[in-house]
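Inside the fold
Chain by chain, the residues:
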Amino acid sequence: GGPHSCYMSDFMVGNAALCLLGFAVLSVNYRGSIGFGQASIDALLGNVGTMDVHDVQEAAVHVIQSGVVDSARIVVHGGSHGGFLSAHLIGQFPDSYMAACVRNPAIGFPGMSVQYDLNE
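About the cut-offs
Residues numbered from 1 in each chain as written. Predicted model: local features only at pLDDT ≥ 70, side-chain atom pairs only at ≥ 80, totals over all residues. Heavy atoms only, no water. Helix = DSSP H or I, 4+ residues; strand = E, 2+ residues; numbered from the N terminus. Buried < 20%, exposed > 50% of the residue type's maximum accessible area, 1.4 Å probe, protein only. Contact = heavy atoms within 4.5 Å. Salt bridge = Lys/Arg side-chain N within 4 Å of Asp/Glu carboxyl O. Expected span 1.5 Å × (residues − 1). Axes fitted to C-alpha atoms, helices over the stretch in contact; angles between N-to-C directions. Parallel < 35°, antiparallel > 145°, perpendicular 65-115°, else oblique. Nonpolar A, V, L, I, M, F, W, Y, C, P; charged D, E, K, R; others polar.

**Concerning the overall build of the protein chain**
Within the protein chain, the secondary structure is distributed over five helices and two strands. Along its sequence from the N terminus, the protein chain presents helices and strands in the succession α-α-α-β-α-β-α. Here the protein chain holds 120 residues, and 28% of them are scored as buried. Nonlocal contacts in the protein chain, meaning residues at least 24 apart in sequence, comprise 56% of its contacts between residues at least 6 apart.

**A short note on the pattern of salt bridges**
Evaluation of the coordinates by the stated rule reveals one salt bridge. Between Arg-31 and Asp-55 there is a salt bridge; the shortest N-O distance is 2.8 Å. One end of the pair, Arg-31, is in the loop between helix H1 (13–20) and helix H2 (38–44); the other, Asp-55, is in helix H3 (residues 51–66), with 24 residues separating them in the sequence. Taking the relative accessible area as the measure of exposure, Asp-55 reaches 14% and is therefore buried.

**A closer look at H3**
Each α-helix turn comprises 3.6 residues. Residues three or four places apart therefore point the same way. With 16 residues, H3 should cover 22 Å at 1.5 Å per step; its first-to-last C-alpha distance of 23 Å lies within 8% of that length. When we look at burial in H3, the residues that qualify are Met-51, Asp-52, Val-53, Asp-55, Val-56, Gln-57, Ala-59 and Ala-60. Of the surrounding secondary structure, the elements contacted by the buried residues of H3 are H2 and helix H4 (81–92).

**As for the packing of H3 against H4**
At their nearest, the axes of H3 and H4 sit 10 Å apart, and the two run at 70° to each other. Overall, the two elements H3 and H4 adopt an arrangement that is roughly perpendicular. Contacts between H3 and H4 pair Asp-52, Val-53, His-54, Val-56 and Gln-57 from the former with His-81, Phe-84, Leu-85, His-88, Leu-89 and Gln-92 from the latter. Broken down by class, the residue content of the contact of H3 with H4 amounts to five nonpolar, five polar and one charged.

Have a look at this one:
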């Protein structure tokens, strides 16, 4: 989700379930997430789809290079702005991801006026 949100260090049942199934989970607070202050949010203006996408890609590459995950089995998923990021990630870096799962992505602006999860 986001960018009007951020991941906390709280227990997340969905992530725990994925871990129990053998998946590794990386939750990224990219620039523009609310946890980094107003300057970070302001930096995203005019850079949506580039700065935030590259932050997530850099985090994924870091984890892959650490050797704890199989680079041939990376999946990206997200909802709302996270869905937007997932769609951009698999489009901009198609060789990095095996699949993408997008939930109510913030794409297709004409249809968003009737089926989006935010009133902005």
